[in-house]
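# Close look at the chain arrangement
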Amino acid sequence: MIIGAHLSIAKGMSKAVDQARGIDGNAFQFFTRNPRGGKARAIPRAEMEEFRQRRLLDGVKCVVGHMPYTINLATNRPDIHEFGKMTLLADLERFNEAGVEYLVLHPGSHLGDGGRAGIERIIDALTYVLSRYQGENTLLLLETMAGQGTEIGGDLWEIKEIFVGLGWPQNMGICLDSCHLFAAGHDLTQTAGIDHLVDELDRSLGLDRVKMMHLNDSKKGLGSGADRHAKIGQGVLGVEGIGKIVNHPALRDLPFILETPVADYQEYAEEIRLVRQLRTA
Ligand SMILES: [Zn+2]
């Protein structure tokens, strides 16, 4: 299976490859820049080149960049909207050069203006970005959200609206998040609930648009709307729920990335071992 965790590239992209292998992962995710600010570390070309070779040698099959939380393409603030567009385009271009497979983005929050207005602003921003981005390595993925507050993307049909508005671009897909989906009302503790989700994904977006999953347990209950990640097996999804998710025929081949609360990345090793144990042949 393809599995890994959210790591840091602050000390170099190859350092994250070492860390991924150290926790028995063959994938990893990282923040493209400061998650709560937006300042980026310039990554020298030599570092990218070394990373491309190292990941091949070490069998790292999937590498994912995550955009900072401060990017909000659904905002009515022109400065923030503009910053989001520029930052997204810049990060797609630089991580395309590093050969990163996916770049994950939270669709955005409308902050009280209503979903329709928010979706229009997201479409507007992504039209700008995707008409300029020429890369072929990195796909842009919209993440399914818990639907907390005025967040867009708690409902799969909102994400579909964005794809429709953009004319179904080829270089775009979606990233599932097991905690967010559960909080948004999809009962992933039951096989019937997962079947229902898969069916809805297929009808709204098409299963081939689903490229990966953030594998997180949830601190809060089904339909809570609260985005609170728990460690694998220690939340409401539990060991059984996580086992059903990672073995479901429609989901099992997705790359799984853990974003569970840890004090140190090495704690992911135990969670990855647990998920590997839950996986049946
Ligand atoms: Zn996310």
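What you are looking at is a predicted structure, and each value in this text was computed from that prediction instead of being measured.

### A look at the side chain of Thr-260
- By the element assignment, Thr-260 lies in the loop between strand E12 (256-258) and helix H9 (268-278).
- Its relative accessible area of 3% is what places Thr-260 among the buried residues.
- Setting aside residues up to four positions removed in sequence, Thr-260 forms contacts with Leu-215, Asn-216, Ala-230, Lys-231, Ile-232, Tyr-268 and Glu-271.

### With respect to unusual backbone geometry
- One non-glycine residue with positive phi stands out, namely Leu-111, at about 55 degrees.
- Considering the arrangement of structural elements, one finds Leu-111 in the loop between strand E5 (108-109) and helix H4 (115-132).
- For Leu-111, a relative accessible area of 58% gives the class exposed.
- In this structure, Trp-168 is a non-glycine residue whose phi angle is positive, near 50 degrees.
- Mapped onto the elements of the fold, Trp-168 is located in the loop between helix H5 (156-166) and strand E8 (172-177).

### Some words on the coordination of the zinc ion
- His-66 (NE2), His-106 (NE2) and Glu-143 (OE) make up the full set of protein donors to the zinc ion, lying at 2.1 to 2.2 Å.
- The motif formed by the donor residues of the zinc ion, counted along the single chain, is H-x39-H-x36-E. Separated by 40 residues along the polypeptide, His-66 in strand E3 (residues 62-66) and His-106 in the loop between strand E4 (102-105) and E5 bring together distant segments of the chain.

### Considering the pattern of salt bridges
- Applying the stated criterion across every chain yields a total of 16 salt bridges.
- Linking Arg-45 and Glu-97 is a salt bridge whose minimum nitrogen-to-oxygen distance equals 3.0 Å. On the criterion of sequence distance, the pair formed by Arg-45 in helix H2 (residues 45-57) and Glu-97 in helix H3 (residues 78-97) is long-range, its members being 52 residues apart.
- Residues Asp-199 and Arg-203 are paired through a salt bridge, measuring 3.2 Å at the closest nitrogen-oxygen approach. With Asp-199 and Arg-203 both in helix H7 (residues 191-204) and four residues apart, the pair spans about one turn of that helix.
- Taken together, the shared-partner salt bridges connect Asp-18, Arg-54 and Asp-58 into one network.

What counts, and where the lines are drawn
The numbering scheme is per chain: residues are counted from 1 as the chain's sequence reads. Where totals are concerned, whole chains, interfaces and linings use all residues; where local detail is concerned, this predicted model gives features only for residues with pLDDT of at least 70, and gives and counts side-chain atom pairs only at 80 or more. Hydrogens and waters are ignored; side-chain quantities use all the structure's heavy atoms. Each helix corresponds to a stretch of at least 4 residues labelled H or I by DSSP, and each strand to a stretch of at least 2 residues labelled E; elements are numbered beginning at the N terminus. Whether a residue is buried, partly exposed or exposed follows from its accessible area with a 1.4 Å probe, protein chains only, as a fraction of its type maximum: under 20%, in between, or over 50%, in that order. Note on contacts: a residue pair is in contact if any heavy atoms of the two residues lie within 4.5 Å. Any N, O or S atom lying within 2.8 Å of the metal counts as a donor, and for Na, K and Ca the limit rises to 3.2 Å; water is left out, so some sites can look incomplete. For salt bridges, the criterion is a side-chain nitrogen of Lys or Arg within 4 Å of an Asp or Glu carboxyl oxygen.

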